[in-house]
Structures are given as C-alpha cells and as structure tokens.
Amino acid sequence: MIRTTVLAALLAFGMAGVGAAADAPTDPQIAHIAYTAGQIDVVAAEQAIKKSTNADIIAFATLMAADHKAVNDQALALVTKLGVTPEDNPTSQALSQAAADKLAELDKLDGAAFDKAYIANEVAYHATVNGALSSVLIPSAQNAELKELLETGLTLFTEHQHHAEMVAAKFK
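A quick note: this is a predicted structure, and the numbers were derived from the prediction, not measured.

**Section: the side chain of Asp 41**
Here is step 1: Topologically, Asp 41 is positioned in helix H2 (residues 27-51).
Here is step 2: Buried charge without a salt bridge: Asp 41, with Lys 102 as the nearest opposite-charge side chain at an N-O distance of 12 Å.
Here is step 3: Dropping the residues within four chain positions of it, Asp 41 is found in contact with Met 64, His 68, Glu 122, Tyr 125 and His 126.

This is the structure in structure tokens:
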C-alpha cells in the first residue's frame with residue numbers, strides 16, 4: 001500500500017525516469033524529500049516500539065529510529081551550514097499523507113498482525129526510497145555535500161532494507 005502510494009507520489013513529482021533536467025527536483029526540494037522520508041521512518045519506528053512485544057521488531061524499530069534521526073540531524077546541519085531552506089513540495093506532501101494513512105492502518109492492528117504489517121511496510125518503504133535515492137535524488141543533487149550525504153544514506157538504508165527483509169522472513 002505505502003509502496004504504491006510512494007511510487008505515485010514520486011511519479012507525480014516527475015521523479016521516475018526524469019527525462020529533462022527541468023523535471024529534476026532542486027536541492028532544496030531534495031533536502032525536504034529526504035528529510036521527510038527519514039522522519040516518516042522515525043515516526044513508524046516509534047509506533048512499532050510502543051505497539052510491538054516482539055523482540056526482533058522492537059530491536060529493528062529502535063535501530064530505525066536512531067539511524068534515521070542521526071541522518072536527519074546530519075541533513076539539518078548541512079542545510080544550516082549551506083544556508084539552504086528545504087522546500088516543501090508535492091512529493092514531500094504525498095509522502096507525509098501516505099505515511100499518516102499507513103500509521104492509522106497499522107494502529108488498528110495488534111500482536112503478530114501488527115508486526116507482520118509493520119515489517120512488510122518497512123521492506124517496501126526502504127526499497128522505494130532507496131530506488132528514488134539512486135535513480136533520481138542523488139543524480140539530481142547539484143551540491144556535492146548534499147550528494148555525498150544522500151549516498152551515505154543510501155548505503156545505510158540499503159542495509160536497513162536487507163535487515164527488514166531478514167526480519168520479515170520470520171513472519172512468513
């Protein structure tokens with residue numbers, strides 16, 4: 001569900017198969033999208049920490065919250081250093097709305113049903129965001145420091161995706 005919504009949001013912003021440079025997001029838009037995507041995972045992790053009693057889910061969610069907070073802190077420090085104001089945009093807004101919808105959906109679940117849905121969403125969400133990072137956000141970034149932070153994030157978030165896939169395998 002959220003993967004489809006995120007893809008729709010990314011497509012709506014012209015991020016899938018960006019053909020013309022004019023369609024590419026600007027650095028302030030990229031900064032906002034990346035920060036929003038990270039914050040979404042922090043909030044989802046906090047929900048999982050509160051709702052789950054499964055040790056694997058709680059450990060995974062704790063790692064997600066810590067890692068995404070750390071990357072977002074680095075992003076805020078970078079935009080402050082560069083004097084850039086992240087620019088809200090339709091992609092960030094669509095991501096936020098999709099996340100709110102997914103959080104509400106997950107909030108209705110308990111126990112193993114919550115755990116399975118949460119970790120499946122984490123797999124899909126990381127795959128989608130990693131795809132957007134590698135195919136659009138990183139290639140579109142003009143500032144070298146922003147590009148480097150996004151590349152570091154992609155490395156970390158790819159590890160998150162693999163970790164989520166391992167945890168999800170326990171719920172099949």
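Past the structure itself, the notes keep going.
**Some points on the packing of helix H3 (residues 55-82) against helix H5 (residues 111-140)**
Here is step 1: Running from amino to carboxyl end, H3 crosses H5 at an angle of 40°, the nearest separation of the two axes being 11 Å. In terms of crossing hand, the pair formed by H3 and H5 is left-handed. Side by side, H3 and H5 meet where Ile 57, Phe 60, Ala 61, Met 64 and His 68 of the first sit next to Asp 115, Tyr 118, Ile 119, Glu 122 and His 126 of the second.
Here is step 2: Tallied by class, residues from the contact of H3 with H5 come to six nonpolar, two polar and two charged.

**Quick look at the pattern of salt bridges**
Here is step 1: Evaluated as defined, the whole model comprises six salt bridges.
Here is step 2: In this structure, the salt-bridge partner of Lys 51 is Asp 110, at a minimum N-O distance of 3.2 Å. With Lys 51 in helix H2 and Asp 110 in the loop between helix H4 (90-107) and H5, the pair connects residues that are 59 residues apart, well separated along the chain.
Here is step 3: Residue class for Lys 51 comes out partly exposed when judged on its relative accessible area of 22%.
Here is step 4: Lys 81 is paired through a salt bridge with Glu 145; the nearest N and O atoms lie 2.3 Å apart. Here Glu 145 lies in helix H6 (residues 144-169) and Lys 81 lies in helix H3, a separation of 64 residues in the sequence.

**Thoughts on the environment of Phe 60**
Here is step 1: With respect to the element layout, Phe 60 can be found in helix H3.
Here is step 2: Phe 60 sits in the buried class, given a relative accessible area of 0%.
Here is step 3: Separated by 59 residues in sequence, Phe 60 and Ile 119 have C-alpha atoms that sit 8.9 Å apart.
Here is step 4: With sequence-adjacent residues up to four places away left out, Phe 60 is seen in contact with Tyr 118, Ile 119, Glu 122, His 160, His 163 and Ala 164.

What counts, and where the lines are drawn
Residues numbered from 1 in each chain as written. Predicted model: local features only at pLDDT ≥ 70, side-chain atom pairs only at ≥ 80, totals over all residues. Heavy atoms only, no water. Helix = DSSP H or I, 4+ residues; strand = E, 2+ residues; numbered from the N terminus. Buried < 20%, exposed > 50% of the residue type's maximum accessible area, 1.4 Å probe, protein only. Lys, Arg positive; Asp, Glu negative; His and termini not counted. Salt bridge = Lys/Arg side-chain N within 4 Å of Asp/Glu carboxyl O. Contact = heavy atoms within 4.5 Å. Axes fitted to C-alpha atoms, helices over the stretch in contact; angles between N-to-C directions. Left-handed = near helix turned anticlockwise from the far one by under 90°. Nonpolar A, V, L, I, M, F, W, Y, C, P; charged D, E, K, R; others polar.

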